[in-house]
Amino acid sequence: MRLRQWSVLAVATVASLGAGGLPAVAGAEAVPSKLKVFYEQQVTWSQCAAAATLECATIVVPMDYAKPGAERIQVAISRLNAKDPARRRGVLLVNPGGPGGSGLGLPNRFANQPVAQLYDVIGFDPRGVGASTQLRCASSLLDLPLPTRPTEAELPSFTAAARDVEDGCMRAGGDYRRHVTTRNTARDMDVIRGVLGEKKINYFGYSYGTWLGAMYGTLFPRLLDRSVLDSAMDPNKTWHEQDIDSAHSIKFNFDSWATWTAARDKTFKLGSTPAQVRAGLDRIAATLATKPVGGLATVKDLDVFTGFYTRYRAVWAGFSRQVRELLDSLSGNGNPELAKETATLLELAKRSLIKPTNAGVFQAVLCEWDWPSDQQQYYRDMRQWRDTHPYGNTVSFLAPTNCAFRGFTRTEPLPQITRTAYPTGLVVHAEGDTQTAYPNGVVMAETLRHHLISVPNDGEHGQYGSGGACVDNAVNRYLVDGILPATRSECAGVDKPADIPADTAGATQIPLTEPNLIEQASGIVRRLETSGIQ
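Residues numbered from 1 in each chain as written. Predicted model: local features only at pLDDT ≥ 70, side-chain atom pairs only at ≥ 80, totals over all residues. Heavy atoms only, no water.

**Student:** Explain the packing of helix α4 (residues 155–173) against helix α14 (residues 375–388) to me, please; I cannot follow it from the model alone.
**Tutor:** The relative placement of two packed helices comes down to the angle between their axes together with the axis-to-axis distance. Between α4 and α14, the least distance of the axes is 10 Å, while the angle of their chain directions is 130 degrees. When the axes of α4 and α14 are compared, the pair comes out oblique. Our pair here, α4 against α14, has a crossing hand that is right-handed. Every residue of α14 that contacts α4 at L155, P156, F158 and T159 is listed here: Q375, Y379, M382 and R383. Residues belonging to the contact of α4 with α14 are distributed by class as follows: five nonpolar, two polar and one charged. (Axes fitted to C-alpha atoms, helices over the stretch in contact; angles between N-to-C directions. Helix = DSSP H or I, 4+ residues; strand = E, 2+ residues; numbered from the N terminus. Parallel < 35°, antiparallel > 145°, perpendicular 65-115°, else oblique. Left-handed = near helix turned anticlockwise from the far one by under 90°. Contact = heavy atoms within 4.5 Å. Nonpolar A, V, L, I, M, F, W, Y, C, P; charged D, E, K, R; others polar.)

**Student:** What am I meant to see in the packing of helix α12 (residues 338–351) against helix α18 (residues 517–531) here?
**Tutor:** Running from N to C, α12 and α18 cross one another at 15 degrees; their axes reach a closest spacing of 9 Å. Between α12 and α18, the angle falls in the class roughly parallel. The two elements α12 and α18 cross, and the hand of that crossing is left-handed. In this structure, α12 contributes E341, T344, L345, L348 and R351 to the contact, and α18 contributes L517, I518, A521, S522, V525 and E529.

**Student:** Please explain the sheet that holds strand β4 (residues 91–95) as it appears in this structure.
**Tutor:** Backbone hydrogen bonds are what pair the strands of a sheet, in a parallel or an antiparallel way. Spatial ordering of the open sheet is given by β1-β2-β3-β5-β4-β6-β7-β8-β9-β10, a layout of ten strands whose pairing is mixed. The open sheet has two edge strands with one neighbour each: β1 (46–47) and β10 (488–490). Sheet topology note: the β1/strand β2 (residues 55–62) ladder contains two bridges and is antiparallel. Paired with S46 across the strands is C56, a residue of β2. On the sheet, helix α16 (residues 438–448) packs against β7 (224–230), β8 (426–430), β9 (451–455) and β10 and is oriented at approximately 170 degrees with respect to β8. (Pairing = 2+ DSSP bridges.)

Below, the structure written as structure tokens:
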């Protein structure tokens, strides 16, 4: 994802080669004869099996755009028709991220927004995913423990697991795996454009979908109109480098929580400095090395538990109270119901980590980027984070992936992302997002010269459609009326900490009146599970 600038000539060459030699200009005359059969195919719509409010269809695309006369695959698409046909201004393609996320149902996320009046919202399962021709990985034969604070003897388990994943994906993926790439998915998007009879597309992408949208704009700059990139990747870094950024974001959230809690010591009694607040968690971790604490059985439980509840500001107050009760339990003064409550909260945290992506696509697309081949480099980084900040399972972000042992040759290098002929768009990003770190969104905006809407003090991933009126209004005004916000602006998010004032000289303990923590956490997890965003 992140190399530095190419020459203007190199960028122009990438853009002109678009889809297997397809010039990046509008009009049927731009389609080479070898691809016309794909662009001119007829599409038949019918009610979606999984979403009654949408229409679905399938189209056919080349498995390998360099050999369009060879194997073909299918791509499933969905449509939410514009509710005001008289004002219709085209199609809005949407993607949930992943890579490997199913997008067939994603148009429903836009159904109640003003954009649904003007656009046919088009979802699709990218190649390899869901109702499209699937890419599979064989099930792993290994069941190795991958702790959050690995000892020296446990570090090689991460390498063994990564090797096993790659072996399984190679066994099941065949030649198709080499062609499940971001470039080819972008080319599929242009076939969708042609099949729908549109001169241009508009685009909305979340997470990895921001990289996909930026790729489409690089390959087909004259065929992209308005675009919004929500929770963006950095187009100038490798995926591994952005994993490191995610670890820093996890630590940023932890430090923000510790600072907020320390400023309210009279309420939570966890210490008046961030260091004292962390020391309490360290005491719990030390005890977990020998016995359970509350409903936590291992230090890995604590690390996962802490990562979730320090990310989302809305649960900070309840989490601080929970930490206080866990500390009380070390001295035998804890709440007798604590173990049951903590166990429930831990399960909710674990549920938040489950993403319904296609494993084969995720493992294939990540290998588009270069990954370190020296295992000791991974181990050095893992040791550093294990010893300095293991909370939030940061170590897993530094571990080797299957791509360190890539078993196939890439068909094409990643191009340098650039914006030439398409209009200025929007990037939206929350300060505490750990899936795509906030600095990555800033760089995406700078690279594409897009306007940036920042959401400070918020841990949400995917802002539009999450309940924040400020973001929704700004994005809708752009997509509907073409009016951009300021080049750099801020919006308040929906993820806000409890309204508990900071300590003052004469302050006494403030009674906690925030909603039940289990109810709050359950609400966050339900939102994550139903959003469709990866």
